[in-house]
Amino acid sequence: MAILTPEGRIITLGFSQLGSESDWRRANTRSIQQAADEAGIRLDLNNAEQSQEKQFEAIRSFIQKKVDVIAIAPVVKQGWEPILLEVKQAGIPVIIIDRLMDVEDPGLYLTFIGSDFYQEGQRAGKYVLDKLAGHKGPVGIAELKGTEGSAPSIDRGRGFREVIGKRPDMEIVESAFGDFTFDQGKKIMREILQRQGNQIQVLFAHNDDMALGALEAMEEYGLRPGKDIIIVSVDGTKRALEELVRGRINSVVECNPMLGPGLMQAIRELYDGRTLPKRLLTPEGIFTEVTAEGEVHQRLY
Ligand code: GYE
């Protein structure tokens, strides 16, 4: 059944999507488009190409157009208070999706729907500890971080460090921002290998796209990804799971992009006059070579 306003009008949702940098992001956009369609909601979608400034512009245009609800997937964590105040003054409810932002006044948004990135980082770290439990000697780790200042990059990095910190012989010897893209992942991994030679035993990539790029750089360098360098990444895209099955990626921590149905549900509850919990968490796990095999064929993204 379509969700309507109390006056029986179709709802317009303004959605400021942060970009289209990865397979995860494109799946996330599709999920929201499809769910809006099914819920009878008119979607006004803007792609900000990883620019906070462009997100501000999009949100201001949503205010001008007097949309009914605004959803924001924020590229970075900081700097949102002024624009959220503008939205509040216009009386438009805001739902944050995917990445949380840092705002002091929780009254500036209705709810946040997304994953626990800190836990994802911890899961990646645990995998590395288990995998190298019997390994003797120092372990050099390279980290491909996402976008500087973004919630997933900050929290995945922290969670990972918290866990590997338990092994004093493990050290992050290289750590650089790759903006969550395949191209940057490849470029940065090339530079790392040129600098470090064979000193890297583990790669922790903050997303699959960067891991896949890095994998190509390793091959160019004459290394066997998954064997000479243990690779763990985050997301669980079809392309990454295929490499997991082939043994060229060792582990993928799940991050679920299918947030569309949850977002529409939250809008439904808003119009039903219910109070939403401040946080709606996406439940997730981790893929190994074995579990990826069963999953890869039915993967939608
Ligand atoms: O992991 C990455 C994307 O915010 C959880 O952004 C999302 C991340 C995801 O570009 O692939």
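Residues numbered from 1 in each chain as written. Predicted model: local features only at pLDDT ≥ 70, side-chain atom pairs only at ≥ 80, totals over all residues.

For the chain, the name recorded in an unreviewed UniProt entry is ABC transporter substrate-binding protein, with Paenibacillus mesotrionivorans as its organism.

Peer 1: With reference to specific residues and values, describe the site of the ligand.
Peer 2: All residues adjacent to the ligand are Glu21, Ser22, Trp24, Arg25, Asp98, Arg99, Pro152, Phe180, Asn207, Val234, Asp235 and Cys255. When residues of the shell around the ligand are traced back to their parent elements, those giving at least two are helix H1 (23-38) and strand E9 (230-235). Of the residues contributing to the shell around the ligand, the split by class is five nonpolar, two polar and five charged. The two domains that each donate at least three residues to the shell around the ligand are domain 1 (12-115 + 256-283) and domain 2 (117-255). (Near = placed C-beta within 6 Å. Helix = DSSP H or I, 4+ residues; strand = E, 2+ residues; numbered from the N terminus. Nonpolar A, V, L, I, M, F, W, Y, C, P; charged D, E, K, R; others polar. Domains from an automatic or database assignment.)

Peer 1: I'd like a rundown of the pairing of strand E6 (residues 139-145), residues and numbers included.
Peer 2: Most of E6 sits inside the fold, with six of its seven residues counted as buried. In this view, the connection linking E6 to its parallel neighbour strand E7 (residues 170-177) by way of helix H5 (residues 151-164) has right-handed handedness. Alignment of E6 against strand E8 (residues 202-205), held across four bridges, turns out to be parallel. Counted as the bridge partner of Leu144 is Ala205 from E8. (Buried ≥ 20, exposed ≤ 12 C-beta atoms within 10 Å, placed from the backbone. Right-handed = clockwise from strand over helix to strand, strands pointing away. Pairing = 2+ DSSP bridges.)

Peer 1: Any details on the packing of helix H4 (residues 117-131) against H5? Residues and values, ideally.
Peer 2: Axes are the key here: two packed helices are described by the angle between their axes and the distance separating the axes. Two elements in contact, H4 and H5, have axes separated by 6 Å at closest approach and are oriented at 40°. Considering only the axes of H4 and H5, their crossing is right-handed. Mapping the contact onto sequence places Phe117, Tyr118, Gln119, Glu120, Gly121, Gln122, Ala124, Gly125, Lys126, Val128 and Leu129 in H4 and Ala151, Pro152, Asp155, Arg156, Gly157, Arg158, Gly159, Phe160, Glu162, Val163 and Ile164 in H5. Within the contact of H4 with H5, the residues separate by chemical class into 10 nonpolar, six polar and six charged. (Axes fitted to C-alpha atoms, helices over the stretch in contact; angles between N-to-C directions. Left-handed = near helix turned anticlockwise from the far one by under 90°. Contact = placed C-beta atoms within 7 Å.)

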